[in-house]
Amino acid sequence: LPICYTVYQSKKPIEPIVIGATKYGVLACSGIIAPEFYRDLVNRGAEVLVNSASLSTMGIGNDFFDQAMQMARFQAVANSRTLVQSARGKVSYVMNRDGAMVLRSNGEGTQYKLAEISTNDQRTVYSMLGEWVIIVSGLLLLAYGYAKRKELATFEFKRARKLFKK
């Protein structure tokens, strides 16, 4: 992550790579676990997200790989983008924008796979505003539930009293 972080913190922001008519948001190494990096690329026009990693050289166990795959699913769904993971030493895969696995290698040796992917140029609320919207929404729901708890308890008490009067 320090290498990726250093590259990302340069004065020039990372721009999507244009190939043909499609804009690819490409990050390397542990960029997959940093939501703000891909969100920034989506806001700069990326239509497909790509992560390239050499996981065999790092001696990383399955726990990190599983966490990275869950973060990849989060990236795909939160940004509504197809995500392509190319990995050396672990499984490579393609997820659609709903987080479903479209293609998956077995992780052994060099493999060439072909997948048809869809692009999307529409930004999600998450892409535009980030994590704070989720946090504020959760706090508002908790506050609403706390405010309504007394009203709900009073309603249940009155309903129970009517049942016992009969």
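Everything below is about the structure printed above this text.
Report follows, based on the coordinates. (Residues numbered from 1 in each chain as written. Predicted model: local features only at pLDDT ≥ 70, side-chain atom pairs only at ≥ 80, totals over all residues. Heavy atoms only, no water.)

### Details of unusual backbone geometry
One non-glycine residue, Ser-80, adopts positive backbone phi at about 55°. Looking at the secondary structure, you find Ser-80 in the loop between helix H3 (62–79) and strand E4 (82–88). (Helix = DSSP H or I, 4+ residues; strand = E, 2+ residues; numbered from the N terminus.)

### As for the nonpolar core
Counting residues in hydrophobic clusters, the biggest one holds 19 residues, and the most contacted among them are Leu-83 and Tyr-93. Per-element tally for this core: the top contributor is H3, with five residues. Leaving out residues up to four positions away in the same chain, Leu-83 has contacts with Ile-32, Leu-49, Ala-72, Gln-75, Ala-76, Tyr-93, Val-94 and Met-95. (Core = buried A, V, L, I, M, F, W, Y, C linked by side-chain atoms within 4.5 Å. Buried < 20%, exposed > 50% of the residue type's maximum accessible area, 1.4 Å probe, protein only. Contact = heavy atoms within 4.5 Å.)

### A few points about the pattern of salt bridges
In the structure shown here, the tally under the stated rule is two salt bridges. Residue Arg-44 is joined to Glu-15 by a salt bridge in which the shortest nitrogen-to-oxygen separation is 3.2 Å. Residue Arg-44 is found in the loop between helix H2 (35–43) and strand E3 (48–54), and its partner Glu-15 is found in the loop between helix H1 (2–8) and strand E1 (17–19); the two are separated by 29 residues along the sequence. As a salt-bridge pair, Arg-44 and Asp-40 come within 3.3 Å of each other at their nearest N and O atoms. The class for Arg-44 is partly exposed, based on a relative accessible area of 32%. Here the salt bridges share partners, and the residues they tie into one network are Glu-15, Asp-40 and Arg-44. (Salt bridge = Lys/Arg side-chain N within 4 Å of Asp/Glu carboxyl O.)

So yeah, pure geometry; function would need other evidence.
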